[in-house]
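Structural characterization, general
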Amino acid sequence: MRRIAFLLAFLLIACVPSGPAVIPLPTDELRAAPLALATAKPTATILPTATSEPTPVRPQYVTAVLLGMDRDREGIGLRTDTFVIVTLRIMPGADQEIQEAVVLSIPRDTLVDVWSTSGLKKDRINVVYLRGGFDSVRQTIQQNFGIFVNAGIYAVDFNNFIQITDMMGGLTVTPRESYFDWCGDYKGLLKSGKGGYDRNWKAGQEYPMTGAELLCYIRARAQSDDVARTRRTQDVLLAMQKEWLPTIISSPTIWPDLFGLVKTDLSLSDIMDFLPLIDVFNAGGFPVRTKSMEIGRHLEYGRTATGASVLVPLVDLKAWASCEISAGTNCP
């Protein structure tokens, strides 16, 4: 099960710009999902003299969540430092055409209503897994963003992320923006001897990275912020699609080691429904659009009653997510 889950996690973020892709929808459950905008309304009886108007075709959605988790220094539990929502927009019909994959990155300090079995509580989104595991992640996303997660949640912690990267021979990342920041020496793996070092990444330049270097690239924020982190995470996801995905698909011998390092909430029977996605990526894929929330437009700095630093939403999160997933233009 885990080997399929890990592969699906990469399939959901990949794109190969070679034209439209077609897959069957996984299950009837998808058609009933809140964001699926299911079956079109039946048309009225047409009188002989009336002009027939076409019934509007509405898209359906397949959504997964990717989590990068960190165990905090206080020993309280796992925090979701990386929180990415990936949605495939599909046009129903005889051929189920995938129009686009949309990748939404949510900063870790975003203030949301976090779901748990004891109810809703305002808190940073990075405590969502700690509050109730995968159930809390799923319910919190639906509560705050109006998105129904129907393709699974996939999580990896720092140590496993480093192992996966090194197992794959590292990763070459091309930043879309220039960044200057401090790289903390996680567990001494950078071998800096000083606890870390300053690092300058220039836009458009290729940087081959080990697992520890890649973790630094994603997490550094001494000179930047959580929003910059989300953009760098998207750089990494795009590099994984380009460099790792072909190897993973074509080399099943490496699967046992890789897939044991990824956690997922799906059962084997659930995951099997999504196997047609493999054929899509082998034959050619679809475009991926990445979107990060912005300080001043979507979020502002604030503090809780206890003094914790948070990012307070300036927009309706459900309206923002719905617009980005369905259109991506004129969004809040």
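Cut-offs applied
Residues numbered from 1 in each chain as written. Predicted model: local features only at pLDDT ≥ 70, side-chain atom pairs only at ≥ 80, totals over all residues. Heavy atoms only, no water. Helix = DSSP H or I, 4+ residues; strand = E, 2+ residues; numbered from the N terminus. Buried < 20%, exposed > 50% of the residue type's maximum accessible area, 1.4 Å probe, protein only. Contact = heavy atoms within 4.5 Å. Areas by Shrake-Rupley, 256 points an atom, 1.4 Å probe, with all protein chains shown as cover. pLDDT = per-residue confidence, 0-100. Phe/Tyr/Trp six-rings, centres within 6.5 Å; stacked < 30°, edge-to-face > 60°. Lys NZ or Arg CZ within 6 Å of the ring centre and 35° of its normal. Disulfide = S-S within 2.5 Å. Lys, Arg positive; Asp, Glu negative; His and termini not counted. Salt bridge = Lys/Arg side-chain N within 4 Å of Asp/Glu carboxyl O. Polar contact = N/O pair within 3.5 Å; in protein donor to acceptor, adjacent residues only side chain to side chain.

Let's talk about the overall build of the protein chain
For the protein chain, the helix and strand inventory stands at eleven helices and 15 strands. Here the protein chain holds 332 residues, and 52% of them are scored as buried. Taking as baseline every contact in the protein chain between residues at least 6 positions apart, the subset at least 24 positions apart corresponds to 66%. A total accessible area of about 15,600 Å² is found for the protein chain, and carbon and sulfur atoms account for 51% of it.

A short note on helix H5 (residues 211-219)
Of all nine residues making up H5, seven are buried, and the element is well covered by its neighbours. Residues Gly 211, Ala 212, Leu 214, Leu 215, Cys 216, Tyr 217 and Ile 218 constitute the buried set of H5.

A look at the confidence of the model for the protein chain
The pLDDT averaged across the protein chain works out to 79; a share of 74% of its residues lies at or above 70. Scored below 50 in pLDDT, residues 1-8 shows 32 contacts in the model against residues more than four places distant or in partner chains. This model gives residues 11-45 a pLDDT under 50, and the stretch forms 91 contacts once residues within four places in sequence are excluded.

Let's talk about the packing of aromatic side chains
When we look at a pair of aromatic rings, we describe it by the centre distance and by the angle of the planes. In this structure the tally under the stated criterion is four aromatic pairs. Ring centres of Phe 158 and Tyr 186 lie 5.6 Å apart, and the angle between their planes is 85 degrees; this geometry places the pair in the edge-to-face category. With Phe 158 in helix H4 (residues 158-167) and Tyr 186 in the loop between strand E9 (179-184) and strand E10 (196-201), this residue pair connects regions lying 28 residues apart in the sequence. Summarising the aromatic geometry, the rings of Tyr 179 and Tyr 217 are spaced 6.3 Å apart at their centres and angled 85 degrees between planes, so their arrangement reads as edge-to-face. Residue Tyr 179 is found in strand E9, and its partner Tyr 217 is found in helix H5; the two are separated by 38 residues along the sequence. A single burial state applies to Tyr 179 and to Tyr 217, both of which are buried. One aromatic cluster is present, formed by Tyr 179, Trp 201 and Tyr 217 through successive ring pairs. One Lys or Arg, Arg 232, reaches over the ring of Tyr 179 and ends 4.9 Å from the middle of that ring.

Re the side chain of Thr 82
Residue placement: Thr 82 occurs in strand E3 (residues 78-91). Owing to a relative accessible area of 19%, Thr 82 belongs among the buried residues under this scheme. If sequence neighbours within four positions are ignored, Thr 82 has contacts with Leu 66, Leu 67, Gly 68, Ile 218 and Thr 233.

A short note on the state of the cysteines
What the rule picks out here adds up to two disulfides. Each sulfur of the disulfide joining Cys 183 and Cys 216 lies 1.6 Å from the other. Looking down the S-S bond of the Cys 183 and Cys 216 bridge, the torsion is -85 degrees, so its handedness is left-handed. Pair noted here: Cys 183 is in strand E9 and Cys 216 is in helix H5, with a separation of 33 residues, a long-range link.

Details of unusual backbone geometry
Located in the positive-phi region is Lys 187, a residue other than glycine, with phi close to 55 degrees. With respect to the element layout, Lys 187 can be found in the loop between E9 and E10. Note on Lys 187: relative accessible area 60%, which makes it exposed. Positive phi values are uncommon outside glycine, yet Asn 330 reaches one of about 55 degrees. Looking at the secondary structure, you find Asn 330 in the segment after helix H11 (317-326). A residue is classified by how much of its surface remains accessible, and Asn 330, at 81% relative accessible area, is exposed.

Examining the side chain of Arg 232
Considering the arrangement of structural elements, one finds Arg 232 in helix H6 (residues 226-243). Although buried, Arg 232 forms no salt bridge, and the nearest oppositely charged side chain, Asp 181, lies 4.3 Å from it. At 2.4 Å, the side chain of Arg 232 forms a polar contact with the backbone oxygen of Tyr 217. If we skip the residues at most four places from it in the chain, Arg 232 touches Tyr 179, Asp 181, Tyr 217, Ile 218, Arg 219, Ala 220, Arg 221 and Ser 224.

Overview of the pattern of salt bridges
In total, this model carries 16 salt bridges according to the counting rule given. Arg 124 is the partner of Asp 109 in a salt bridge, and the nearest nitrogen-oxygen pair spans 3.8 Å. Note that Asp 109 is positioned in the loop between strand E4 (97-105) and strand E5 (111-116) and Arg 124 in strand E6 (residues 119-124), a separation of 15 residues in sequence. With relative accessibility at 23%, the residue Arg 124 sits in the partly exposed group. Note that Glu 324 is salt-bridged to Arg 289, the shortest N-O span being 3.0 Å.

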